[in-house]
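# Descriptive analysis of the structure
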Amino acid sequence: MAERNLILAFETSCDETSVAVIEDGTKILSNIVATQIDSHQRFGGVVPEVASRHHIEWITRCIDQALTEAGVDYPDLMAVAVTYGPGLVGSLLVGVTAAKVVAWAHHLPLIPVNHMAGHLYAARFVGEFKYPQMALLVSGGHTELVYMPKEHEYEIVGETRDDAAGEAYDKIGRVLGVNYPAGKTIDEWAAKGQDTFHFPRAMEKEDNLDFSFSGLKSAFINTVHNADQRGEELNKYDLAASFQQSVVDVLAEKTMRALDQYPVKQLILAGGVAANHGLRDRLDHDMAKYHSNVTMLQAPLKLCGDNAAMIGAAAAVDYRHGDWAAWDLNAVPGLMFDRAKE
């Protein structure tokens, strides 16, 4: 058994090949990320088969780089961790297979990690977790409010019923001619515009904590197409600001309502869309105004996207709780936290 609590973590759920070495679940010794954005931009989104092939090409190189940068070798490791879902099944299988090989060859425990728990634990690198807590997870195809009464317990109390926030950003980005992924550019444009179009805030006032962004996406696309048919040019900055304001209003409103219903000590903001400056600023404001007694941890900007460091942080918790995998571990592309009981 290694003297140091070192975990070698793998993340290959979508289009980032990442391997990291994490110490004690809180210290990043290395975090190698090989991105595939250039390969997928021409298609306007991730092509699963292309993503899988890139993972195969990069995975062993990322392992070598992660160990070298961390200054450790296999005998120093305590365990191997890997994302096994949710995500693209082909991409997940590359990571799961690589992690199995390393763990088996070096007689190390294999820790299966839920990708969304990984996003949540990216905030652990900012500060200590306090329970009970609530998390707003906005990443790719997921928009969820997750309640954690204690460590290693997750309950979905609100989720999207159709498009997730991140999906909506990419879809309206294509209409505006913004390369995939569109979130960062839309955020930058929004800061230069005004909410002049007043797009719908779906489900904002409904008596639940769920989300819907399909109607907003449709309203946006219809507005742009109708203007095109009339030969009218709309201000792209105002379009971006109006779209983002609708997204942020709904996310913030539902999060504040969740905090009203579930007394917690801490709010976590994590996931790819958590890098959005408009959302961060709005939550800073609303937390200070409505829930000043609740601390907030926001995942570091550099760890909002998919990365293995967050998987290693989550794996440290799973390891403590004995959540180890057998050698028949498989990818679970539709993996989800349990829905809270009504």
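So, here is what we can say about the structure in this document. (Residues numbered from 1 in each chain as written. Predicted model: local features only at pLDDT ≥ 70, side-chain atom pairs only at ≥ 80, totals over all residues. Heavy atoms only, no water.)

## Observations concerning the overall build of the chain
Using the following cut-off: Put simply, DSSP H or I for four residues or longer makes a helix, DSSP E for two residues or longer makes a strand, and each gets a number counted from the N terminus. For a compact globule the rule gives 2.2 Å times the number of residues to the power 0.38, and the radius of gyration it is set against comes from C-alpha atoms. Exposure categories follow from relative accessible area, calculated using a 1.4 Å probe and restricted to protein chains: below 20% of the type maximum is buried, above 50% is exposed, and the middle band is partly exposed. Contact between two residues is taken to exist if any of their heavy atoms lie within 4.5 Å; hydrogens are not considered. Areas reported as accessible are Shrake-Rupley estimates using a 1.4 Å probe. Residue values count occlusion only from the protein chains shown.
Looking only at helices and strands, the chain features 10 helices and 11 strands. Scaling as 2.2 N^0.38, a compact globule of 342 residues should have a C-alpha radius of gyration of about 20 Å, and the chain matches this with 20 Å. Across the 342 residues of the chain, 57% fall into the buried class. Across the chain, every contact between residues at least 6 apart in sequence was considered, and the portion connecting residues at least 24 apart equals 74%. Taken as a whole, the chain presents about 14,700 Å² of accessible surface, with 49% of it coming from carbon and sulfur.

## Re the pattern of salt bridges
To keep it simple, the criterion reads: The salt bridge definition used is simple: a Lys or Arg side-chain nitrogen within 4 Å of an Asp or Glu carboxyl oxygen.
Taken as a whole and judged by the stated rule, the model has 14 salt bridges. Its salt-bridge partner being Asp 163, residue Lys 171 comes within 3.1 Å of it at the nearest N-O pair. On the basis of relative accessibility, which here comes to 26%, the residue Lys 171 falls in the partly exposed class. Two residues, Asp 163 and Lys 217, come together in a salt bridge whose shortest N-O distance is 3.1 Å. With a gap of 54 residues between them, Asp 163 in the loop between strand E8 (155-159) and helix H5 (165-175) and Lys 217 in helix H7 (residues 214-229) connect regions that are remote in the sequence. Pair check on accessibility: Asp 163 and Lys 217 agree, each one buried. Each of Asp 195, Arg 201, Asp 249, Arg 282 and Asp 286 takes part in a single network of salt bridges with overlapping partners.

## A short note on H7
Note on helix geometry: an α-helix contains 3.6 residues per turn, so any two residues three or four positions apart are oriented the same way. The criterion, for reference: A helix's residues, less one, multiplied by 1.5 Å, set its expected span.
When the terminal C-alpha atoms of H7 are compared, their 22 Å separation across 16 residues agrees well with the 22 Å that a helix rising 1.5 Å per residue should span. Taken together, the buried residues of H7 touch H5 and helix H8 (236-261). Phi turns positive one or two residues past the end of H7, at Gly 231, with a value near 75°.

## Concerning the sheet that holds strand E4 (residues 79-85)
The condition that has to hold: One bridge is not enough; two strands pair if DSSP finds at least two bridges between them. The convention used is that axes are lines fitted to C-alpha atoms, helices contributing only their stretch in contact, and that angles between N-to-C directions extend from 0 to 180 degrees.
Spatial ordering of the open sheet is given by E3-E2-E1-E4-E5, a layout of five strands whose pairing is mixed. The open sheet has two edge strands, strand E3 (27-35) and strand E5 (110-114), and neither has a second partner. For this sheet, the mean inter-axis angle between neighbouring strands, taken without regard to orientation, is 20°. Summarising the sheet, strand E1 (residues 6-11) and E4 pair through four bridges and their orientation is parallel. Looking across to E4, one finds that Ala 9 is bridged to Ala 81. Where helix H3 (residues 89-105) meets the sheet, it contacts E1, E4 and E5, and its direction lies at approximately 160° from that of E4. Against the sheet, helix H10 (residues 308-320) touches E1, strand E2 (16-23), E3, E4 and E5, its axis set at about 125° to E1.

## Examining the sheet that holds strand E6 (residues 133-139)
On the basis of which strands lie adjacent, the open sheet formed by six strands has the order E10-E9-E6-E7-E8-E11 and mixed pairing. A single partner strand is all that each edge strand has here, and the edge strands are strand E10 (295-298) and strand E11 (338-339). Docked against the sheet, helix H9 (residues 277-290) engages E6, strand E9 (266-270) and E10, running at close to 170° with respect to E10.

## Observations regarding the packing of aromatic side chains
The way to describe two aromatic rings as a pair is by their centre distance and the angle between their planes. Applicable threshold: Working definition: rings of Phe, Tyr and Trp (its six-membered ring) pair if their centres are within 6.5 Å, and the pair is stacked with planes under 30 degrees apart, edge-to-face with planes over 60 apart, and tilted otherwise. Counted as over-ring charges are cases with an Arg CZ or a Lys NZ within 6 Å of the ring centre that also lie within 35 degrees of the ring normal.
Scanning the entire structure with this criterion turns up 11 aromatic pairs. A centroid spacing of 5.8 Å and a plane angle of 5° characterise the contact between Phe 197 and Phe 199, whose relative ring orientation is stacked. A relative accessible area of 4% means that Phe 199 is categorised as buried. Through a chain of ring-to-ring contacts, three or more aromatic side chains come together here, namely Tyr 169, Phe 197, Phe 199, Phe 220 and Phe 243. Above the plane of the ring of Trp 58 lies Arg 61, whose end atom (NZ or CZ) is 4.1 Å from the centre.

## Some points on the nonpolar core
The test is simple: Residues enter a nonpolar core if they are buried and are Ala, Val, Leu, Ile, Met, Phe, Trp, Tyr or Cys, with the set joined through side-chain atoms within 4.5 Å.
Counting 89 residues, the largest nonpolar core has Tyr 121, Met 134, Ile 186 and Phe 243 as the members making the most contacts within it. The contact partners of Ile 186, leaving out residues within four places of it in the chain, are Tyr 169, Ile 172, Gly 173, Leu 176, Val 178, Ala 240, Phe 243 and Gln 244.

## Considering the environment of Ala 309
Following the sequence through the fold, Ala 309 ends up in helix H10. Classification of Ala 309 as buried rests on a relative accessible area of 0%.

## Thoughts on the side chain of Asn 307
The cut-off we apply is this: Whenever two N or O atoms come within 3.5 Å, that pair is a polar contact, provided that in protein one can donate a hydrogen and the other can accept it, and provided that, for residues adjacent in sequence, both atoms are side-chain atoms.
Within the secondary structure layout, Asn 307 lies in the loop between E10 and H10. Asn 307 sits in the buried class, given a relative accessible area of 2%. At a separation of 3.2 Å, a polar atom in the side chain of Asn 307 contacts the main-chain carbonyl oxygen of Leu 303. Within the structure, the side chain of Asn 307 is placed 2.8 Å from the backbone oxygen of Gly 305, a separation counted as a polar contact. If sequence neighbours within four positions are ignored, Asn 307 has contacts with Glu 11, Ser 18, Asn 31 and Val 33.

Don't take any of this as a statement about function, it's just geometry.
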